[in-house]
Amino acid sequence: MPHTHLFDLQGKIAFVSGASRGIGEAIAHVLAQQGAHVIVSSRKLEGCQHVADAIIAGGGKATAVACHIGELEQIQQVFAGIREQFGRLDILVNNAATNPQFCNVLDTDPAAFQKTVDVNIRGYFFMSVEAGKLMREHGAGSIINVASINGVSPGLFQGIYSVTKAAVINMTKVFAKECAQFGIRCNALLPGLTDTKFASALVKNEAILNTALQQIPLKRVADPKEMAGAVLYLASDASSYTTGAALNVDGGYLS
Ligand SMILES: NC(=O)c1ccc[n+]([C@@H]2O[C@H](COP(=O)([O-])OP(=O)(O)OC[C@H]3O[C@@H](n4cnc5c(N)ncnc54)[C@H](OP(=O)(O)O)[C@@H]3O)[C@@H](O)[C@H]2O)c1
């Protein structure tokens, strides 16, 4: 019996923000393994080039592009470049996010507040707007927003970060509803605690880790690779009737 083609991404162009390490890097590899040409992006080109080179060395297709998603001009420039080089975009994975301050909500620094909003809300929003315009021209596309379990159940001392992740879940529904008519689907991934640099303050501290594990039915943190399968599902035809959804990949935390 032949294999299913439901998860094939041959001929597709995919953009992954925050792909130089962690969850974004794992997503970039899996999308490339399925045949997509992956645009690997983060603020620093060097880390992206490293990931793109590894994909190419493995027989895949990839391009490295620097983009600070907190800067609107950089988003515009990057999409002008995508239009020029590829003329299309099939998959956008909004993954790069920031969480600059761990503190009681009453101690929130206005500059940290602004940075978190600029990257996690404005960045995701205008990346989706630019991608949506390109996808609309071809009548198809899939946008995947990496949100967080904290968007549903706020993380302690992660106040404004949790607020922005709740906004991302709502933003996902907005784009799903208004862009369905253009053939564009938009879904959110809600990762639980995942072993990356981002989460190192939590994962490397044994006391915090043990407290966290008590609330995770699977009793372990996730490997970044465990997020990539869910993104592949949402990026591919396997999820052709799924839009506006928030998919928990959290070891059962939110259940
Ligand atoms: N790890 C977890 O436990 C966890 C749980 C729930 C949700 N998440 C979410 O998962 C996503 C990825 O997190 P991660 O754990 O993989 O983080 P990570 O390992 O720290 O990687 C973050 C990536 O984002 C890039 N980046 C940071 N700020 C950026 C900006 N302003 N513009 C463009 N790129 C930027 C970084 O590269 P540069 O430094 O080169 O920019 C890097 O590639 C985030 O949305 C996060 O909120 C993570």
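In case you missed it, the structure is sitting above this.
Here the structure is a predicted model, which is why all the values come from computation and not from measurement.

Draft legend 1. Structural context of the packing of helix H1 (residues 22-33) against helix H8 (residues 225-235). At a closest axis distance of 8 Å, the pairing of H1 and H8 adopts a crossing angle of 50°. What the angle tells us is that H1 and H8 run oblique. Taken as a pair, H1 and H8 cross one another with a handedness that is right-handed. Between H1 and H8, the contacting residues are Ile-23, Ala-26, Ile-27, Val-30 and Leu-31 on the first element and Lys-225, Met-227, Ala-228, Val-231, Leu-232 and Ala-235 on the second.

Draft legend 2. A look at the site of the ligand. Close to the ligand lie 30 residues, the nearest being Ser-20, Ser-42, Asn-95, Tyr-161 and Thr-196. Here an oxygen atom of the ligand sits 3.0 Å away from a polar atom, N or O, in the side chain of Lys-44. A distance of 2.8 Å separates an oxygen atom of the ligand from a polar backbone atom of Thr-194. Calculation on the ligand without its partners gives an accessible area of 890 Å², and the protein chains cover 96% of this total. Of all the secondary-structure elements, those providing two or more residues to the shell around the ligand are H1, helix H4 (110-138) and helix H5 (159-179).

Draft legend 3. Structural view of unusual backbone geometry. In this model, Phe-157 sits at a positive phi of 60°, which is unusual for a non-glycine residue. Summarising the element assignment, Phe-157 is placed in the loop between strand S5 (141-146) and H5. Residue Lys-219 is not a glycine yet carries a positive backbone phi of 60°. When you line up the elements, Lys-219 lands in the loop between helix H7 (206-214) and H8. Classification of Lys-219 as exposed rests on a relative accessible area of 51%.

Draft legend 4. Representation of the nonpolar core within the structure. Ranked by internal contacts, the top residues of the largest apolar core, which has 63 residues, are Ile-27, Leu-31, Val-40, Leu-89 and Val-93. For Leu-89, the residues in contact, after removing those within four places along its chain, are Ile-13, Ala-14, Phe-15, Ile-39, Phe-79, Ala-131, Leu-134, Met-135 and Ala-140. Counting residues in hydrophobic clusters, the runner-up holds 7 residues, among them Val-203, Leu-209, Ile-216 and Val-221.

Draft legend 5. Inspection of the environment of Tyr-161 at higher detail. Turning to its location among the elements, Tyr-161 is positioned in helix H5. The spacing of Tyr-161 and Pro-100 is 61 residues in sequence and 8.5 Å in space, taken between C-alpha atoms. Apart from the residues within four sequence positions on either side, Tyr-161 is in contact with Thr-98, Asn-99, Thr-116, Asn-120, Ser-148, Asn-150 and Phe-198.

Draft legend 6. Molecular detail of H1. Taking 1.5 Å per residue as the helical rise, H1 with its 12 residues ought to reach 16 Å, and the 17 Å between its terminal C-alpha atoms agrees with that figure. Buried within H1 we find Ile-23, Gly-24, Ala-26, Ile-27, Ala-28, Val-30, Leu-31 and Ala-32. Of the residues flanking the end of H1, it is Gly-35, one or two places downstream, whose phi is positive at about 110°.

Rules and cut-offs
Numbering of residues starts from 1 in each chain and follows the order in which that chain's sequence is written. Residue-level local features of this predicted model are given only where pLDDT is at least 70; pairs of side-chain atoms are given and counted only at 80 or more, and the full residue set underlies all totals for whole chains, interfaces and linings. Just so you know, side-chain values use all the structure's heavy atoms and leave hydrogens and water out. The axes used here are C-alpha line fits, helices contributing only the stretch in contact, and every angle between their N-to-C directions lies in the interval 0 to 180 degrees. Numbering of helices and strands runs from the N terminus; a helix is a DSSP stretch of H or I covering at least four residues, while a strand is a stretch of E covering at least two. Note on angle classes: values under 35 degrees are labelled roughly parallel, values over 145 roughly antiparallel, values of 65 to 115 roughly perpendicular, and the remainder oblique. With the far helix as reference, a near helix turned anticlockwise by less than a right angle produces a left-handed crossing, and one turned clockwise produces a right-handed crossing. Contact definition: two residues touch when any of their heavy atoms are within 4.5 Å. Proximity criterion: a residue is near a molecule or strand once any of its heavy atoms comes within 4 Å of it. We call two N or O atoms a polar contact when they sit within 3.5 Å, provided that within protein one can donate a hydrogen and the other can accept it, with sequence-adjacent residues counted only if both atoms are side-chain atoms. The protein chains shown are the only cover counted for residues, whose accessible areas, like all others here, come from Shrake-Rupley with a 1.4 Å probe. Relative accessibility decides the category of a residue: with a 1.4 Å probe and only protein chains considered, values under 20% of the type maximum give buried, values over 50% give exposed, and everything between is partly exposed. For this analysis, a nonpolar core means a set of buried residues of the types Ala, Val, Leu, Ile, Met, Phe, Trp, Tyr and Cys, connected via side-chain atoms within 4.5 Å. What a helix is expected to span follows from its residue count: subtract one and scale by 1.5 Å.

Without other data, these values stay purely geometric and don't point to any function.
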